[in-house]
Amino acid sequence: MSSADEFTAIDLKYKESDTHCHQLFAKENASKATCKQKPPGRTLYVLNVPPYATEEALQHAFSSAGEIERVVLQEKPSSKESAPIERMDKDVFCFKVAYVVFAKPGALRKLLKTKSINPLHTEEKPLLTGVDKWTRAYQERIPNPAALQQEIDQYMESYDRKIEEQKAAESNNAVDEDGWVTVSKKSSGVFAQTQGVVKRLEKKLYEGQSEKELKNFYTFQIRESKKNDIISLRKKYDRDLKKMEQIKKAKRFKPY
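Residues numbered from 1 in each chain as written. Predicted model: local features only at pLDDT ≥ 70, side-chain atom pairs only at ≥ 80, totals over all residues. Heavy atoms only, no water.

## A closer look at the environment of His 60
Here is step 1 of the chain: Looking at the element boundaries, His 60 is found in helix α1 (residues 55-62).
Here is step 2 of the chain: Since its relative accessible area comes to 18%, His 60 is described here as buried.
Here is step 3 of the chain: Look past the residues within four positions of His 60 in its chain and what remains in contact with it is Asn 118, Pro 119, Leu 120, Thr 122 and Lys 125. (Helix = DSSP H or I, 4+ residues; strand = E, 2+ residues; numbered from the N terminus. Buried < 20%, exposed > 50% of the residue type's maximum accessible area, 1.4 Å probe, protein only. Contact = heavy atoms within 4.5 Å.)

## Remarks on the pattern of salt bridges
Here is step 1 of the chain: Under the criterion given, the structure shown has 3 salt bridges.
Here is step 2 of the chain: For the salt bridge of Glu 69 with Arg 42, the shortest nitrogen-to-oxygen distance reads 2.9 Å. Of this pair, Glu 69 sits in strand β4 (residues 68-74) while Arg 42 sits in the loop between β2 (22-28) and β3 (43-49), placing them 27 residues apart in sequence.
Here is step 3 of the chain: Owing to a relative accessible area of 41%, Glu 69 belongs among the partly exposed residues under this scheme.
Here is step 4 of the chain: One network of salt bridges, in which partners are shared, links Arg 42, Glu 69 and Arg 70. (Salt bridge = Lys/Arg side-chain N within 4 Å of Asp/Glu carboxyl O.)

## Looking at the nonpolar core
Here is step 1 of the chain: Core analysis: the largest hydrophobic core is formed by 28 residues, its most contacted members being Leu 44, Val 46, Leu 58, Phe 62 and Phe 102.
Here is step 2 of the chain: Residue assignment for this core shows that the elements contributing at least two residues are β1 (8-12), β2, β3, α1, β4, β5 (96-102) and α2 (105-114).
Here is step 3 of the chain: Core analysis: the second largest hydrophobic core is formed by 6 residues, Phe 7, Val 72, Ile 85 and Val 97 among them. (Core = buried A, V, L, I, M, F, W, Y, C linked by side-chain atoms within 4.5 Å.)

## Comments concerning the sheet that holds β3
Here is step 1 of the chain: An order of β1-β2-β3-β5-β4 is seen for the 5 strands of this open sheet, with the pairing classed as antiparallel. Each end of this open sheet is capped by a strand with a single partner; those strands are β1 and β4. For this sheet the average axis-to-axis angle between neighbouring strands, irrespective of direction, equals 25°.
Here is step 2 of the chain: With 5 bridges joining them, β1 and β2 adopt antiparallel strand pairing. Bridge pairing in β2 places Ile 10 opposite Leu 24.
Here is step 3 of the chain: In the packing of α1 onto the sheet, contacts are made with β1, β2, β3, β4 and β5, and the angle to β4 comes to roughly 135°.
Here is step 4 of the chain: α2 rests against β1, β2, β3 and β5 of the sheet, and its axis sits at about 40° to β3. (Pairing = 2+ DSSP bridges. Axes fitted to C-alpha atoms, helices over the stretch in contact; angles between N-to-C directions.)

## Some thoughts on a nonpolar patch on the surface
Here is step 1 of the chain: There is a patch of nonpolar side chains on the surface, built from Leu 148, Ile 152, Tyr 155, Met 156 and Tyr 159 and spanning about 480 Å² of accessible area.
Here is step 2 of the chain: Structurally, Leu 148 can be placed in helix α4 (residues 145-172).
Here is step 3 of the chain: By relative accessible area, which is 37% here, Leu 148 ends up partly exposed. (Patch = residues over 30% accessible without salt bridge, like charges linked within 9 Å, V, L, I, M, F, W, Y side chains within 5 Å. Areas by Shrake-Rupley, 256 points an atom, 1.4 Å probe, with all protein chains shown as cover.)

## Re the layout of surface pockets
Here is step 1 of the chain: The computed volume of the largest pocket comes to approximately 730 Å³.
Here is step 2 of the chain: Lining the largest pocket are 26 residues, with Tyr 52, Thr 54, Glu 56, Leu 127 and Lys 133 positioned closest to its centre.
Here is step 3 of the chain: Considering each element in turn, the lining of the largest pocket owes the most residues, 5 residues, to α1.
Here is step 4 of the chain: In terms of residue class, the lining of the largest pocket is built from 12 nonpolar, 3 polar and 11 charged. (1 Å grid on protein atoms, 1.4 Å probe; cavity = no way out; pocket = protein on both sides within 12 Å on 5 of 7 lines; lining within 4 Å. Points joined across faces, edges and corners; volume = space filled by probe spheres on them. Nonpolar A, V, L, I, M, F, W, Y, C, P; charged D, E, K, R; others polar.)

Below, the structure written as structure tokens:
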């Protein structure tokens, strides 16, 4: 458990021209157990980080002492100094804990000695707060018309291409009226027996049976059918007689 005497108070300004400042409390994160995220001799443990401070702004502020490898914010201090860093959600608005990892150990010692850091907000790297931050967030929610139109066009092109591919695949597997399917490499070995095909085949079969059943349904149809059968039999009988006469003539004995 760290005591208050171990920490060094560091003044943090929002702008360089501010007459009042916020105080941070920092110390070297010293741990007997090694942690890759908190390398010994290069990690600064910072408390009382204001809610509006971001990782990018803190990295600029502490860069006055030397090159910064990374800055990580946490909602609460770690249970142990050797515990791994847990990144917090950027939308959480509360006082935070920061772990600042310097590229070299000399930068950390320099910072604790000078107790001086850069302001959070500069013209080159602005940090928006209050109404300006809300205005920027609101403006970012409004999509750019040109970018939105481009995104819509790209989506419609991909959608149209997908529909064309789907139609081409369906045309290869198209089923005709009799239930036959055009076989392709993709549809080989597939038997298409859809409900529509079955209904068409049943309808065709029913129509054929109904024609057969209604062919000799009425009395005059039966009479005409018998009459036509008798006529065809008589014609066949006459043809057979003529054939027999021709055969007999061809087999008669002719010595001279």
